[in-house]
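Below are the chains, spelled out letter by letter.
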Amino acid sequence: MQVFVRDNNVDQALRILKKKMQREGVFREIKKRSAYEKPSEKKAREKAEAIRRIRKLARKKAQREGLLPPPKPKERPARPSRDMFRSPQPAGTASATEKTPGSTT
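In this text the structure is predicted, and so the values were computed from the model without any measurement. (Residues numbered from 1 in each chain as written. Predicted model: local features only at pLDDT ≥ 70, side-chain atom pairs only at ≥ 80, totals over all residues. Heavy atoms only, no water.)

J.: Would you mind showing me how to read the layout of surface pockets here?
T.: Here the largest pocket is characterised by a volume of approximately 180 Å³. Elements with a contribution of two residues or more to the lining of the largest pocket: helix H2 (26–33) and helix H3 (39–65). Top element by residues in the lining of the largest pocket is H2. It accounts for three residues. The residue makeup of the lining of the largest pocket, split by class, is no nonpolar, one polar and five charged. (1 Å grid on protein atoms, 1.4 Å probe; cavity = no way out; pocket = protein on both sides within 12 Å on 5 of 7 lines; lining within 4 Å. Points joined across faces, edges and corners; volume = space filled by probe spheres on them. Helix = DSSP H or I, 4+ residues; strand = E, 2+ residues; numbered from the N terminus. Nonpolar A, V, L, I, M, F, W, Y, C, P; charged D, E, K, R; others polar.)

Put into structure tokens, the structure is as follows:
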């Protein structure tokens, strides 16, 4: 796994690395190996994973064939406007939009 650091921005590179590790299942694997798993628990987990995988494939196949409606698109939360993050202007200055057209100041 490789992540490039651009413009000495290590924080962004770390975020990208964490996302890649999450997608690859590295964190799940570490958590799984951190404690002993009894053979009976392992068998039950693997069986449940197989059932989940088979159901998912069947659901996708039915959607492709038109037997099931396609999944609903996920709603994304509205992003805050950029003005929200700008610092307020100092008290003595007024922007061009706040000045009245008749003022001579």
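J.: Please clarify how the confidence of the model for the chain should be interpreted in this entry.
T.: Detailed reading of the predicted coordinates is not advisable wherever pLDDT is low. Per-chain confidence: the chain averages 83 in pLDDT, with 75% of residues scoring 70 or above. Mean pLDDT per element in the chain: H2 is the minimum at 89, and H3 is the maximum at 95. (pLDDT = per-residue confidence, 0-100.)

J.: Explanation requested: a positive patch on the surface in the structure shown.
T.: Side chains of Lys56, Arg59, Lys60, Lys61 and Arg64 sit close together on the surface and give a patch of like positive charge. Its location among the elements puts Lys56 in helix H3. (Patch = residues over 30% accessible without salt bridge, like charges linked within 9 Å, V, L, I, M, F, W, Y side chains within 5 Å. Areas by Shrake-Rupley, 256 points an atom, 1.4 Å probe, with all protein chains shown as cover. Salt bridge = Lys/Arg side-chain N within 4 Å of Asp/Glu carboxyl O. Lys, Arg positive; Asp, Glu negative; His and termini not counted. Charge placed at Lys NZ, Arg CZ, Asp CG, Glu CD.)

J.: Explain a nonpolar patch on the surface here, please?
T.: On the surface, Val5, Val10 and Leu14 cluster together into a nonpolar patch covering about 250 Å² of accessible area. Looking at the element boundaries, Val5 is found in the segment before helix H1 (10–24).

J.: Any chance you could explain the pattern of salt bridges here in plain terms?
T.: Pairing between side chains of opposite charge can happen when the charged atoms of each approach one another. Scanning all chains against the criterion turns up four salt bridges. Lys32 is the partner of Glu29 in a salt bridge, and the nearest nitrogen-oxygen pair spans 3.7 Å. Residue Glu29 and its partner Lys32 are both found in helix H2; the two are separated by three residues, about one turn of the helix. With relative accessibility at 36%, the residue Lys32 sits in the partly exposed group. Measuring nitrogen to oxygen at the nearest pair gives 2.8 Å for the salt bridge that ties Arg45 to Glu37. Assessed through its relative accessible area of 23%, Arg45 is described here as partly exposed. Shared partners join several salt bridges into a network, and the residues in it are Glu29, Lys32 and Arg33. (Buried < 20%, exposed > 50% of the residue type's maximum accessible area, 1.4 Å probe, protein only.)

J.: Honestly, the environment of Val26 in this entry has me stumped. Any pointers?
T.: Its location among the elements puts Val26 in helix H2. Judged by relative accessible area, Val26 falls into the partly exposed class, the value being 25%. For Val26, the contacting residues outside a window of four places in its chain are Met1 and Met21. (Contact = heavy atoms within 4.5 Å.)

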